[in-house]
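Here are the chains, one letter per residue:
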Amino acid sequence: VQLQAFGGGLVQTGGSLRLSCAASGRTFNIYGMAWFRQGPGKEREVVAAINWNGDNTFYANFVKGRFTISRDNAKNTVYLEMNSLKAEDTAVYFCAKTKGTYISAVARREGYDDWGQGTLVTVSS
């Protein structure tokens, strides 16, 4: 599965962005997906994850109530709706696919093998 993330850009504090990750391949709908981010000088960290059919999700504490992950298996796409953006949300955002098939959303980085190229989100104060 090849992944392509897009939708990043420059936004002011308090603004919103919607990231999309388009996947190629017919088996997209059996894998869990996630969004990670890597800020300047920081480790890559999980932001949100979703299981294969969208009925189970995970959110990092720092985005709960502000970000929403969703997927459309008919379109082979996973989304990240980001609201109330803060300067500390500035990072390159990556989408990723799980190594295997799981019932629940996977929050561990080690659970992912295919990664998109990343899309830059810059939040200005």
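Description of the structure in this document. In this text, all values refer to a predicted model and were calculated from it rather than measured experimentally.

Moving on, we get to the state of the cysteines. A complete count under the given rule lists 1 disulfide for this structure. Residue pairing for C21: its cysteine sulfur links by disulfide to C95, the two sulfurs lying 2.1 Å apart. In this structure, the disulfide formed by C21 and C95 twists by about 65° around the S-S bond and is classed as right-handed. Taken together, the residues span a long stretch of sequence, with C21 in strand β3 (residues 17–23) and C95 in strand β9 (residues 91–98) at a distance of 74 residues.

Two numbers describe a pair of aromatic rings. These are the distance of the centres and the angle of the planes. What the rule picks out here adds up to 3 aromatic pairs. Considering the side-chain rings of F36 and Y112, the 5.3 Å spacing of their centres and the 80° angle between planes classify their relative orientation as edge-to-face. Here F36 is found in strand β4 (residues 33–38), whereas its partner Y112 is found in strand β10 (residues 112–115), with 76 residues between them in sequence. A residue is classified by how much of its surface remains accessible, and Y112, at 4% relative accessible area, is buried. An aromatic cluster of at least three residues, connected via ring pairs, comprises F36, Y112 and W115. Here the basic side chain of R44 rests over the ring of W115, its NZ or CZ set 4.9 Å away from the ring centre. A cation over an aromatic ring shows up here: R71 above the ring of F28, its NZ or CZ 4.5 Å from the ring centre.

The two faces of strand β11 (residues 119–124) differ: T119, V121 and V123 on one face are buried, but L120, T122 and S124 on the other face are not. The pairing of strand β2 (residues 9–12) with β11 spans 4 bridges and is classified as parallel. Paired with L10 across the strands is T122, a residue of β11. The pairing of β9 with β11 spans 3 bridges and is antiparallel. Among the inter-strand pairings, A91 is bridged to a residue of β11, identified as V121.

Cut-offs and rules
Residues numbered from 1 in each chain as written. Predicted model: local features only at pLDDT ≥ 70, side-chain atom pairs only at ≥ 80, totals over all residues. Heavy atoms only, no water. Disulfide = S-S within 2.5 Å. Helix = DSSP H or I, 4+ residues; strand = E, 2+ residues; numbered from the N terminus. Phe/Tyr/Trp six-rings, centres within 6.5 Å; stacked < 30°, edge-to-face > 60°. Buried < 20%, exposed > 50% of the residue type's maximum accessible area, 1.4 Å probe, protein only. Lys NZ or Arg CZ within 6 Å of the ring centre and 35° of its normal. Pairing = 2+ DSSP bridges.

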